[in-house]
Amino acid sequence: MKSTFRSGRVALACLSLVSVSVLTACGSSDDDKKTDEVEKLGKMEGKVSILAWPGYVEDGSNDPNVDWVSAFEKKTGCEVTSKAYGTSDEALNLAKSGDYDVIAASGDLSLRLIASDEAQAINTDLVPNYANVYDFLKDTEWNSVDGKNYGVPHGYGANLLMFNKKDVDAPTSWGAVFEKDQLEKNKGKVTAYDSPIYIADAALYLMKTQPDLGITNPYALDEDQLAAAVDLLKVQRQYVGEYWSDYLKEIQAFETGDSVVGTTWQVIKNNIKNKDVDVTLPTEGATAWNDTWMLSSQSKSPNCAYAWMDYILSPEANAQATEYFGEAPNSPQACEKTTDPKHCETFHAGDEEYAKQLWFWRTPVEKCLDGRTDVQCTNYAQWTQAWTEIKG
Amino acid sequence: MSHVADPSPVLDKAPAPALRGPAARPVSRLLHRRVWLRLTLLLSAPLAWMILVYVVALAALLITSLWSVDSLSSEIDRTWTLDNFRTLWESDVYRRVTIRTVSVALAVTVIDVAIALPIAFYMAKVASPRARRMLVVAVLTPLWASYLVKVFAWRIVLSEGGLADWSGIGSPGYGLTAVIITQSYIWLPYVILPIFAALERVPDSLLEAAGDLGAPSPMVLRSIVLPLLVPGIVAGAIFSFSLTLGDYITVNIVGGANQMLGNLVFVNAGAANNLPLAAAIAMIPIVVMLVMLTAIRRTGALENI
Amino acid sequence: MTLSTTAKRLLAAVTFGVLALIYLPLLVVVANSVNSNESMTWPPDHLTFEWWQRAWHSAGARDALLTSLEVGAVATGIALVLGTLLAMALQRYSFFGKNTVNLLVILPIALPGVVTGIALNNGFRGILGIDLTLWTIVIAHATFCIVTVFNNVQARLRRMGTSLEEASADLGAGVFTTFRLVTLPQLRSALLAGGMLAFALSFDEIIVTTFTAGDGATTLPIWILNNMFRPNQAPVVNVVAVVLIVFSIIPVWLAQRLSSDVDAVR
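Since the model is a prediction, treat every value here as computed from it, not as a measurement.

(A) Spatial organisation of the interface of chain C and chain B. Between chain C and chain B, the contact holds 86 residues from the first and 93 residues from the second. No other element matches the 13 residues that helix 11 (residues 234–265) of chain C contributes to the side of chain C that touches chain B. Looking at side-chain class alone, the side of chain C that touches chain B contains 65 nonpolar, 18 polar and 3 charged residues.

Given below as structure tokens:
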């Protein structure tokens, strides 16, 4: 995902070096890892350590009015310590340290955690609030493997197309940011998400407009398909005024008119007071994110961890957290608890038709995600290099 | 330095050593006699610190740049390879970004030195002592407003309809020009201060003597003041150049769609999980700085910084 | 050299003009700290003191400020000791490799922060195998702060000459006594100036800090980076910046007074 609080992530991304660090002997022996689900819960351990995106675990220290951790601590006696991470790569390496009980993972991280035996299967019977969660978020390919569930869904959201009505006729297609003739009149005022994962947006557009490239999943690109997406983005680059990676930057750019068309999140649109700015889900669909709470295989406090997962899935806490972050909650019950009664309507929570048009983020890997076995797909490192070249 | 200019207080405070003489303290006597021992004692702690903390880290960075990342496991493959440097050499994007970054850093340095010279001169040689003190405070105070807050303020100033547009001056919009303006702004105090300090050390009497001997002002400036200023200018220039060379935050906030070397290091070290490539890219600013420092050293200015 | 009145006026105009420009963006910061529009676009909407209230109650900002003060103080302390030792060695003695040592001191500040940051991060984690904590920030900061103390002390030592120290030794004072009673008092204002600059550098450093900060080690710049880009938090950050500017005038002013007193006698 998708960081609403992107810059926080930027800061933290540095720390990921840590993880990256070659010489570091990460990881402990596999003996402490427990990947099978537990049968029943025991006594609370009195503390729980959480690894999450910034804004997911708020205890009031940033803003006294934003606090859903204190209520949990009071209720369960589990004292919460949390760490916010900047990128999924960083999170993977932090998770390997074994210091965290619960991890909020995006689609591009969850499978890697499972593959490296860092995640423990979750017995959803022990998470009563799991029953409320929208069915279309359950047992998806980014949280389940071999019929075993490894992550309980948190919130989700789409990467939408935002535009200023004054400068752009209400677009219905991503062509507004990818086709030369449409880009021409907004030269220098186009914006795009500043991350290699944005290549998937171009791939999605190519998938719909150039079927002969054979793209069936925007996260599974062989070298030719990646090259086509890169070419498309290089054209776009000539018209881009600035790339955005943090939230406030795009809000400002659209309010002042420095940007008039580009990708966005619903929450950004909601924070823009300029009435001419609107968003749409183009006909091609869109990329999106869905995060899940995962349990570490090295967890020392599994009981408090289960308590946290159940708590954060409870309608009240989930409503608070997802509303603060600016994403769709995970259950109809949570939708009833939001302070803004229209929150779920705005974010299309529970709208299954809407969700069907979304391609949730996954990390591109060599083994093609679309099932092709005759070619090797491009991985995230290659996407990053491509992104550097696109920006030039 | 009044209290030391007159030696008597020293003696007042320390009559005992004078009476007992150095013979009473073997350590002190030994140190007094053995220059190399004094030097060793002085140097060992700071040198150990610099080598352990910094030199070793830089060397490890160089070594890391000769490794690669295994694409399947994402683990670092410690086989020696020049692949990273080959990538840097062959892909013209790195050359473009290097040229862009060095150009921006040069522009910032030239602008800052050009602005700092008259200000530092006014502060040190024209303003009254009282005004001088106030001016130094005025120059130093903005240093305490957070770097990030100041950069963000510039984003607001330069936005469409922002302060620059609004006041009728006009804004260049987000881009390299905005980066140059913002970076020049941020590092200006760091350039003014060393030049000011160097100027302060030029005795007024020297200037007066030159004037009395009939040298016209421009000539005094060129042949007397400027040479004395070189160390200050060099110190300021190194500061602004190196700080701009490694910046990746300002360009993110006001740089439009541009990227600089710092961004490439940052992205590869973090999100891309490719520390060896990041280390290889980091070698570019290291080489640039070393070339610059060597060039400066030839002129002899480095010893006086 | 005598400057014409016109030249003096011109210099004054440039100086005050640039100073005005320096303060203009800071005025924007002040304006935004009371701007009711939380995304801080220009011109400000309405006057509000909500952000000031929120900043007053922000435990995160307070803790981060304390952390930064601690880090700055310890790093400056280390830099003062190491920088003074180095300056004395390099200014008073000549030895093989002196130039290299000189270069080595300048290097941490001359190399871009992103390079120093990534090198130290790799060094701490990879080579030394230690976890990042608050102490790794302190070590990193001290390393690039040494040079500011070193510069100031070296300049002072050069100006001082060695006659007083020699006189002290001739009168029978030992090496340590001479340092304590003769050298150190003369260095006081240089140490103050170097220490101030070192502290200021450490206090506002963000790039090296992000690479060397451990879990929960939130210095003020890190807190600002984490909050700067949230619409509801960004104005609070402006308030913090305004408060910092106002309070920084006191130490800057004091330091100036102390060092000017010395200069006046010079």
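Once you've had a look at it, read on.
(B) How the structure looks around the packing of helix 7 (residues 163–170) of chain C against helix 8 (residues 175–204) of chain C. Residue and element names in this part refer to chain C. Contact geometry for helix 7 and helix 8: axes closest at 10 Å, N-to-C directions at 145 degrees. Considering the relative orientation of helix 7 and helix 8, their crossing is right-handed. For the pair formed by helix 7 and helix 8, the contact residues are Leu164, Glu165, Ser168 and Ala169 on the first element and Thr178, Val182 and Thr183 on the second.

(C) Spatial organisation of unusual backbone geometry. Residue and element names in this part refer to chain A. Here aspartate 139, not a glycine, exhibits a phi torsion of approximately 50 degrees, which is positive. Its location among the elements puts aspartate 139 in the loop between strand 4 (119–120) and strand 5 (144–145). Backbone geometry at histidine 348 places phi at a positive 55 degrees, although glycine is not the residue there. Looking at where histidine 348 falls in the secondary structure, it is placed in the loop between helix 14 (343–346) and helix 15 (352–356).

(D) Geometry of the nonpolar core. Formed by 304 residues in total, the largest nonpolar core has its most connected members in Ile199 and Trp308 of chain A together with Ile118 of chain C. Beyond its immediate stretch of four places on either side in the chain, tryptophan 308 of chain A contacts Val48, Ile50, Phe72 and Val102 of chain A.

(E) Local environment of the domain arrangement of chain A. Residue and element names in this part refer to chain A. Domain annotation for chain A reports domain 1 (6–156 + 290–349) and domain 2 (157–287 + 362–391). Computed from C-alpha coordinates alone, the two centres of domain 1 and domain 2 are separated by 28 Å. Across the contact, 15 residues belong to domain 1 and 10 residues belong to domain 2. Those elements that provide at least two residues to the side of domain 1 that touches domain 2 are helix 1 (6–20), helix 4 (107–115) and strand 7 (151–164). Here the residues of the side of domain 1 that touches domain 2 sort into 5 nonpolar, 6 polar and 4 charged.

(F) Seen up close, the pairing of strand 1 (residues 47–52) of chain A. Residue and element names in this part refer to chain A. Summarising burial for strand 1: 5 of the 6 residues are buried, a large majority. Sheet topology note: the strand 1/strand 2 (residues 79–84) ladder contains 6 bridges and is parallel. Looking at the pairing, leucine 51 lines up with lysine 83 of strand 2. As paired strands, strand 1 and strand 3 (residues 102–105) are joined by 2 bridges and run parallel to one another. Counted as the bridge partner of isoleucine 50 is valine 102 from strand 3.

(G) Spatial organisation of the packing of helix 3 (residues 59–92) of chain C against helix 6 (residues 134–160) of chain C. All names here are of chain C. Where helix 3 meets helix 6, the closest approach of the two axes is 5 Å, and the angle between their N-to-C directions is 40 degrees. Between helix 3 and helix 6, the angle is such that the two are oblique. Where helix 3 crosses over helix 6, the handedness of that crossing is right-handed. Its residues assigned to classes, the contact of helix 3 with helix 6 comprises 21 nonpolar, 6 polar and 2 charged.

Reading guide: rules and limits
- Residues numbered from 1 in each chain as written.
- Chains lettered and ligands numbered in written order.
- Predicted model: local features only at pLDDT ≥ 70, side-chain atom pairs only at ≥ 80, totals over all residues.
- Contact = placed C-beta atoms within 7 Å.
- Helix = DSSP H or I, 4+ residues; strand = E, 2+ residues; numbered from the N terminus.
- Nonpolar A, V, L, I, M, F, W, Y, C, P; charged D, E, K, R; others polar.
- Axes fitted to C-alpha atoms, helices over the stretch in contact; angles between N-to-C directions.
- Left-handed = near helix turned anticlockwise from the far one by under 90°.
- Core = buried A, V, L, I, M, F, W, Y, C linked by C-beta atoms within 7 Å.
- Buried ≥ 20, exposed ≤ 12 C-beta atoms within 10 Å, placed from the backbone.
- Domains from an automatic or database assignment.
- Pairing = 2+ DSSP bridges.
- Parallel < 35°, antiparallel > 145°, perpendicular 65-115°, else oblique.

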